[in-house]
Amino acid sequence: MEAAMDLMRRMPPNQSEAALSSLLALLPQHSHDLLSRVDQPLQILSDSESGQEFLLCDYNRDGDSYRSPWSSKYHPPLDDGSQPSAELRKLEMEANDVFAIYREQYYEGGVSSVYMWEPDEGEGFAACFLIKKDGSKSGQGRRGYLQEGLWDAIHVGPDNDGTAHYSLTSTIMLSLTTSDKSAGSFKLSGSITRQMALDISVSDGHLCNMGRMIEEMESKLRNSLDQVYFGKTKEMVFTLRRPPDGMLLQRSERLRVD
């Protein structure tokens, strides 16, 4: 199991689904642990009742069915699927409306879903915030020469209502491909996971507290991805291949202005 998890941590996100399927065939006795511990690129399903799209993950799965955050119905239908309590369902619905606004402001489109549930042990509740943005030429938000571009954000935060202790685990999976006649083809794929734990007063409400934590965490993860993937890639390209004089002048001018 440790070797399987070590292998999955090294797999590019765009190949993780095929790798996980192979591991499930090789290690059927560990299928539950693999499915619950391995983050995969998010899949989209349409809610036939509300007409809205929602994201699939292990936290809204019951058997082979997935619960929609909009209607709370399972697809395919499941009569005895687990449901949050009435109070938690109300908070879940409010969180989906708020997170949809956050997604539009920060991502300019995409699909988001929020799921909440009571943990098997202890008090309080747990929540999962998901965002998927397709930036490929067939999706929304195409930029420049981007042929394929996927951004998957997964934020999982158990909360203890009595002590106002929030624990957040965030994973970002990025995959993009560019293709241009003058520059050629380029592929980049990777993921990053970070954790955060805070004790915050609940006077502003759980959604405000969790929202601030997610916003802060996403900002840190975006900066880390920019430095690790894009920054190092630029450094390697400029080391191996001298850019045109015009680009050097533009870089010098930007540095001077900054």
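Anyway, here's the lowdown on the structure attached to this text. (Residues numbered from 1 in each chain as written. Predicted model: local features only at pLDDT ≥ 70, side-chain atom pairs only at ≥ 80, totals over all residues. Heavy atoms only, no water.)

1. Regarding empty space enclosed by the protein
Rules: Using protein atoms alone on a 1 Å grid, points that fit a 1.4 Å probe yet trap it form a cavity, whereas open point sets bounded by protein on both sides within 12 Å along at least five of seven lines form a pocket; residues with an atom within 4 Å of a point count as lining. Grid points are joined across faces, edges and corners, and a volume is the space filled by probe spheres set on the points. Gly is placed with the polar residues, together with every amino acid not listed as nonpolar (Ala, Val, Leu, Ile, Met, Phe, Trp, Tyr, Cys and Pro) or charged (Asp, Glu, Lys and Arg).
Scanning the entire structure with this criterion turns up 1 cavity of 30 Å³ or more. Reported here for the largest cavity is a volume of approximately 90 Å³. Considering the residues around the largest cavity, the lining is formed by Ala127, Phe129, His155, Val156, Gly157, Tyr166, Ser167, Leu168, Met210, Met213 and Ile214. Its residues placed into classes, the lining of the largest cavity shows 8 nonpolar, 3 polar and no charged.

2. A word on the environment of tyrosine 229
Quick note on the threshold: Numbering goes from the N terminus for both helices and strands, where a helix is a DSSP run of H or I of at least four residues and a strand is a run of E of at least two. Contact criterion: two residues are considered in contact whenever any of their non-hydrogen atoms come within 4.5 Å of each other.
Here tyrosine 229 lies in helix H5 (residues 206-240). Tyrosine 229 sits 41 residues away from leucine 188 along the chain, and the two C-alpha atoms are 7.9 Å apart. Setting aside chain neighbours within four positions, we find tyrosine 229 in contact with Leu188, Ser189, Gly190, Ser191 and Ser224.

3. A look at the packing of aromatic side chains
The test is simple: Working definition: a ring pair exists when centres of Phe, Tyr or Trp rings (six-membered ring for Trp) sit within 6.5 Å. Plane angles under 30 degrees give stacked, over 60 give edge-to-face, the rest tilted. Three exposure classes are used, based on accessible area relative to the maximum for each residue type with a 1.4 Å probe and protein chains only: buried under 20%, partly exposed in between, and exposed over 50%.
Scanning the model with the defined rule gives 4 aromatic pairs in all. Both rings, one in tyrosine 59 and one in tryptophan 117, keep their centres 5.0 Å apart while their planes meet at 15°; by these two values the pair is stacked. Separated by 58 residues along the polypeptide, tyrosine 59 in the loop between strand S2 (53-56) and strand S3 (61-62) and tryptophan 117 in strand S6 (residues 111-117) bring together distant segments of the chain. Taking the centre distance of 5.3 Å and the plane angle of 5° together, the rings of phenylalanine 99 and tyrosine 102 count as stacked. Residue phenylalanine 99 and its partner tyrosine 102 are both found in helix H4 (residues 86-107); the two are separated by 3 residues, about one turn of the helix. Given the relative accessible area of 6%, phenylalanine 99 is considered buried. Through a chain of ring-to-ring contacts, the aromatic side chains of Phe99, Tyr102, Tyr106 and Phe129 assemble into a single cluster.

4. Observations concerning the pairing of S6
To keep it simple, the criterion reads: Strand pairing is assigned whenever DSSP identifies at least 2 bridges connecting the two strands.
Most of S6 sits out of view: 6 of its 7 residues are buried. Summarising the sheet, S6 and strand S7 (residues 125-134) pair through 7 bridges and their orientation is antiparallel. By the bridge assignment, serine 113 is partnered in S7 with leucine 130.

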